[in-house]
Amino acid sequence: MKTIEVDEDLYRYIASHTQHIGESASDILRRMLKFTPGQAAPVAAVSRPAESIAPKETRKGPQDRVRAVRELLLSDEYAEQKKAVNRFMLILSTLYRLDPQAFSDASASLQGRTRVYFAGDEQTLLQNGTHTKPKHVPGTPYWVITNTNTGRKCSMVEHIMLAMQFPAELTEKVCGTI
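So, a few notes on the structure that sits alongside this text. (Residues numbered from 1 in each chain as written. Predicted model: local features only at pLDDT ≥ 70, side-chain atom pairs only at ≥ 80, totals over all residues. Heavy atoms only, no water.)

Regarding the overall build of the protein chain
No. 1: Scanning the protein chain from terminus to terminus reveals 10 helices and 5 strands.
No. 2: The burial tally for the protein chain puts 40% of its 178 residues in the buried class.
No. 3: Partitioning the contacts of the protein chain with sequence separation of at least 6, the portion at a separation of at least 24 is 61%. (Helix = DSSP H or I, 4+ residues; strand = E, 2+ residues; numbered from the N terminus. Buried < 20%, exposed > 50% of the residue type's maximum accessible area, 1.4 Å probe, protein only. Contact = heavy atoms within 4.5 Å.)

What follows is the structure, encoded as structure tokens:
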């Protein structure tokens, strides 16, 4: 996968042409340019293929966090996840990466009636529920239970995203993709 830099307005234009959740930037551009895989590309394009598009400007702040989550939903990596649990784990990793402290605060307040959902180690989750199937959240110090239905996974993501002050509309969109 290659990354190219584009101006912010161009990035928004490309992202606005998404037809379904999980559609990659490559798929969007192929459709817009009527370019099929295997088709001969102009010489200039061969030397700089576009597989992943990232906005040129990187500013810290809420808009960057929203953009990062939207990019996750459009990414090839996310689109390739066939299981809800894998999409769930990818979302949790991304949320942690965007704001470790806010993620920590949000996950600490999240518990079920009889289960602890997040912990710093597998053993804590195993002690607080049977058949929890704990998994390590990649790129974080956290473990999460995964033996829950998709609705509960969505509920957990919703709680964390709203506590991290993501817009309700984006939170709903993310939950709809799990």
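Some details on unusual backbone geometry
No. 1: Residues other than glycine seldom take positive phi values, yet Lys 133 does so here, at roughly 50°.
No. 2: By secondary structure assignment, the location of Lys 133 is in the loop between helix H8 (122–127) and strand S4 (134–136).
No. 3: Despite not being glycine, Gln 165 shows a phi value in the positive range, around 65°.
No. 4: In this structure, Gln 165 sits in the loop between helix H9 (150–163) and helix H10 (168–177).
No. 5: Residue Gln 165 is classed as exposed on the basis of its relative accessible area of 68%.

Let's talk about the nonpolar core
No. 1: Counting residues in each nonpolar core, the largest one holds 38 residues, and the members touching the most others are Leu 92, Leu 95, Phe 103, Phe 118, Val 157 and Ile 160.
No. 2: Those elements giving two or more residues to this core turn out to be helix H4 (62–74), helix H6 (84–98), helix H7 (100–108), strand S3 (118–119), strand S5 (143–145), H9 and H10.
No. 3: Looking at this core, the element that brings in the most residues is H6, giving 9 residues.
No. 4: Those residues in contact with Leu 92 that lie beyond four places of it in its chain are Phe 103, Phe 118, Val 137, Val 144, Val 157 and Ile 160. (Core = buried A, V, L, I, M, F, W, Y, C linked by side-chain atoms within 4.5 Å.)

A look at the pattern of salt bridges
No. 1: This model, assessed by the stated rule, comprises 3 salt bridges.
No. 2: With its nearest N and O atoms 3.6 Å apart, the salt bridge here joins Asp 99 to Arg 65. Placement of Asp 99 in the loop between H6 and H7 and of Arg 65 in helix H4 is noted, with a sequence separation of 34 residues between them.
No. 3: Asp 99 sits in the partly exposed class, given a relative accessible area of 25%. (Salt bridge = Lys/Arg side-chain N within 4 Å of Asp/Glu carboxyl O.)

A short note on the sheet that holds S5
No. 1: The strand order across the open sheet built from 3 strands is S3-S5-S4, with neighbouring strands paired in antiparallel fashion. Edge strands, defined here as strands with exactly one partner in the open sheet, are S3 and S4.
No. 2: Inspection of the sheet shows S4 paired to S5 by 3 bridges, in the antiparallel sense. Along S5, the bridge assignment pairs Lys 135 with Val 144. (Pairing = 2+ DSSP bridges.)

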